[in-house]
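Architecture and fold: a report
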Amino acid sequence: MAIKPLIGVALACALMATGAHAQTARAEFVQTESKSRSSGSFCRAFNFENRCTLFGMRSKIDVSKVIAEPRDNGLPAHWNRSATFMEIFVRSYQDSDGDGIGDFNGLTSRLDYLKSLGVTGIWLMPMHPSADKDHGYAVSDYRAVNPAYGTMADFERFVAEAHKRGIGVIIDYVMNHSASDNPIFISAAKSKTSPYRDWYIFADKNPNWAGFSWGPWRQNKVGKGYFYGLFDDQMPDFNLKNQRVIDYHADNFRFWLNKGVDGFRIDAVTMLVENGPTAYMDQPENLEVLKQVNAVVKAYPNRYLICEASEQPALYAGEACTNSFAFGTQKEIKSSAREGKLSSKLATQLASDKRSLMPLVLQSHDSYVGDRLIHDLDAGSYRVAAAVSVLASDTPFSYYGEEIGLANNGKYDDPGLRAPMSWDGSAGHGFTKAARPYRAYATNAATHNVKAQSGEGGSLLEYYRALYLARQAHPVLADGTLTLLSKAGEEALVFARQREGQKALVFINLSATAQTFQTKGDGVWTSALDLGAPAQLTAEEGNLRLILPPKGVAAYVAKGEK
């Protein structure tokens, strides 16, 4: 996770609790600085419970206990086992008020598009107030929304409208660290006697951990000594060996679940607990911490949890996180599509017992996952990779703009991958009416946009729509038990799915030449995917036979089964 340095640092009000297990806290008078106010500006608090006044505005920081209020989210049964997700950066999706920044109301206005595409789940990148002013991974307040995106009422309306369309919403959650301007950290950093001191990790002297290309121990500019911040000095790590900290995060989960959120994507779970300079990745305690918050999610019906585990994703799939992105496999999908042969690592992943809990993903907001696909793959390979990702996952994830071949904005880095969405060929590309967006558009925004591809046979957008809608029309394609029928090194990926007596077959020609497929089977099979394949697959002498064009994709269900 690469984070852009802050332009300015604002010290917020410090929380002072009345006891070790205080459910409310009082704000303490703290001098602050802001790029919008002089260095003499102050945060004045007048003993409001959980509140302080920042730059003339009341900012609520809530650390109270939250009681679970489980209820049906109204989504289809087993939505959490078969949803088709899209990752969306609110700031870059749709501006509704002309300030050049995407917002909740803009996102709500695009829900009909997402429904028509076949998206049934949305993962929102961080939407909390954040010290980094942009990407959101330095959380200043875990129980509030970023005011640049709108109000809490706007967010709640967005979730309600998504549910009306059968779309669930999961939100990004940063458990490893907070922002350095989070009032909880400021209280902890100011004084060793703060009731929040042990919520973070401090040292009087710099431990100078070896083996790092950077120093994870940061100078404490609020108080004295040093604190541990693996990613950045604006991101102090929580002390997740402290049960009170885990309980606080669990309460935050309940806060959002009670508001109707359908689950979470937890950021950077490999780094949650540190046991020393050579033991800060994938520690056993990570799994125990995650099991506790997963139990919170499981207490609410039909909810979804997934974790970002960049190094050992399989370790976290199951009891700890339920779902874990199959990171690393995206390279295997792309290489298989590019080289025209099934890679051994991809074959192994698809045959894994944890496959159903490890969604495939081709790109994301993080550059370590890879560039925008349009820069990596030719047209045919792009489509093959998409078919593998969507049809071989139970809960596949795409990244906004992936369905239209959106490029980066001229830079292959985190900001470059998070350019505004392109809706049409107008000056603001349908994203904003502002003279300039907050960030430069994708380099191909004028040609690769929703309007240009909608309804156009053969377009990438309609290709993705066909994949998504096939999963909806034939649930066996979404979460049926998968049996791999191909071997590593072959020029095709063929697999079967079976669910409650339903049967499906998927054929993906990885190569640049026409391929004849033959597999054992009987009966008549009907095409479930409108991509130009023959309408039926019929058995001849106990074998099923099919000819597919280069980079062709076909899916069939046994006739009479849906």
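Quick caveat: nothing in here was measured; it's all calculated off a predicted structure.

Secondary-structure assignment places Asn286 in helix α8 (residues 284–298). Accessibility expressed as a relative area gives 0% for Asn286, which makes it buried. Within the structure, the side chain of Asn286 is placed 3.2 Å from the side chain of Tyr316, a separation counted as a polar contact. Residues within four places of Asn286 in sequence aside, it is in contact with Val269, Thr270, Met271, Leu272, Val273 and Tyr316.

In this section: α8. Between its first and last C-alpha atoms α8 spans 21 Å; for 15 residues at 1.5 Å apiece the expected length is 21 Å, and the two agree. Along α8, the residues classified as buried are Asn286, Val289, Leu290, Val293, Asn294, Val296 and Val297. Its buried side turned inward, α8 meets α7 (243–258), β13 (263–266), β14 (304–307) and α9 (313–316).

As a rule of thumb, nonpolar side chains are buried together in soluble globular proteins. Membership of the largest hydrophobic core comes to 130 residues, with the highest contact counts inside it found for Tyr93, Leu114, Leu124, Phe155, Leu290 and Ile508. Once you skip the residues sitting within four places of it in the chain, Ile508 turns out to touch Val384, Ala387, Val388, Glu491, Ala492, Leu493, Phe495, Phe517, Gly552 and Val553. Core analysis: the second largest hydrophobic core is formed by 15 residues, Ala492, Leu505, Phe517 and Ala558 among them.

Within the protein chain, residue pLDDT values average 89, and 89% of them lie at 70 or more. The model gives residues 2–59 a pLDDT under 50, and that stretch makes 123 contacts with residues more than four places away or in other chains.

A word on the state of the cysteines. Enumeration over the complete set of coordinates arrives at one disulfide. The partner cysteine of Cys307 in its disulfide is Cys321, sulfur to sulfur 2.2 Å. Across the S-S bond linking Cys307 and Cys321, the dihedral sits near -90°, which makes this disulfide left-handed. In this pair, Cys307 sits in strand β14 while Cys321 sits in the loop between α9 and β15 (323–324), placing the two residues 14 residues apart along the sequence. In this structure Cys321 comes out as buried when scored by relative accessible area, which is 0%.

Across the sheet, seven strands lie side by side as β15-β14-β13-β9-β8-β7-β16; this open sheet has parallel pairing. The sheet terminates laterally at β15 and β16 (397–399), the two strands that pair on one side only. Seen against the sheet, α8 touches β13 and β14 and runs at an angle of roughly 155° to β14.

With a phi close to 50°, Asn208 is a non-glycine residue in the positive phi region. With respect to the helices, strands and loops of the structure, Asn208 is situated in the loop between β10 (202–203) and β11 (217–219). Among the residues examined, Asn208 registers a relative accessible area of 58% and is labelled exposed. Positive phi is not limited to glycine here, since Asp282 has a value of about 50°. For Asp282, the position within the fold is in the loop between β13 and α8.

What counts as what
- The residue numbering used here restarts from 1 in each chain and proceeds along that chain's sequence as written.
- Residue-level local features of this predicted model are given only where pLDDT is at least 70; pairs of side-chain atoms are given and counted only at 80 or more, and the full residue set underlies all totals for whole chains, interfaces and linings.
- Remark: hydrogens and water are excluded; side-chain values derive from all non-hydrogen atoms of the structure.
- Under the DSSP-based scheme used, a helix requires at least four consecutive residues in state H or I and a strand at least two consecutive residues in state E, with every element numbered from the N terminus.
- Type-normalised accessible area, obtained with a 1.4 Å probe on protein chains alone, sets the label of each residue: buried when under 20%, exposed when over 50%, and partly exposed for intermediate values.
- Here a polar contact means two N or O atoms within 3.5 Å. Within protein one must be a hydrogen donor candidate and the other an acceptor candidate, and residues neighboring in sequence count only if both atoms are side-chain atoms.
- Whether two residues touch is decided by their heavy atoms; if any such pair falls within 4.5 Å, the residues are in contact.
- Given the number of residues in a helix, its expected span is that number minus one, multiplied by 1.5 Å.
- In these notes, a set of buried Ala, Val, Leu, Ile, Met, Phe, Trp, Tyr and Cys residues joined through side-chain atoms within 4.5 Å is what counts as a nonpolar core.
- Note: pLDDT gives the predictor's confidence per residue, expressed from 0 to 100.
- Note on terminology: disulfide denotes any pair of cysteine sulfur atoms within 2.5 Å.
- A pair of strands is treated as paired once DSSP finds two or more bridges between them.
- To define axes, lines are fitted to C-alpha atoms, for helices over the stretch in contact only, and angles between the resulting N-to-C directions are given on a 0 to 180 degree scale.

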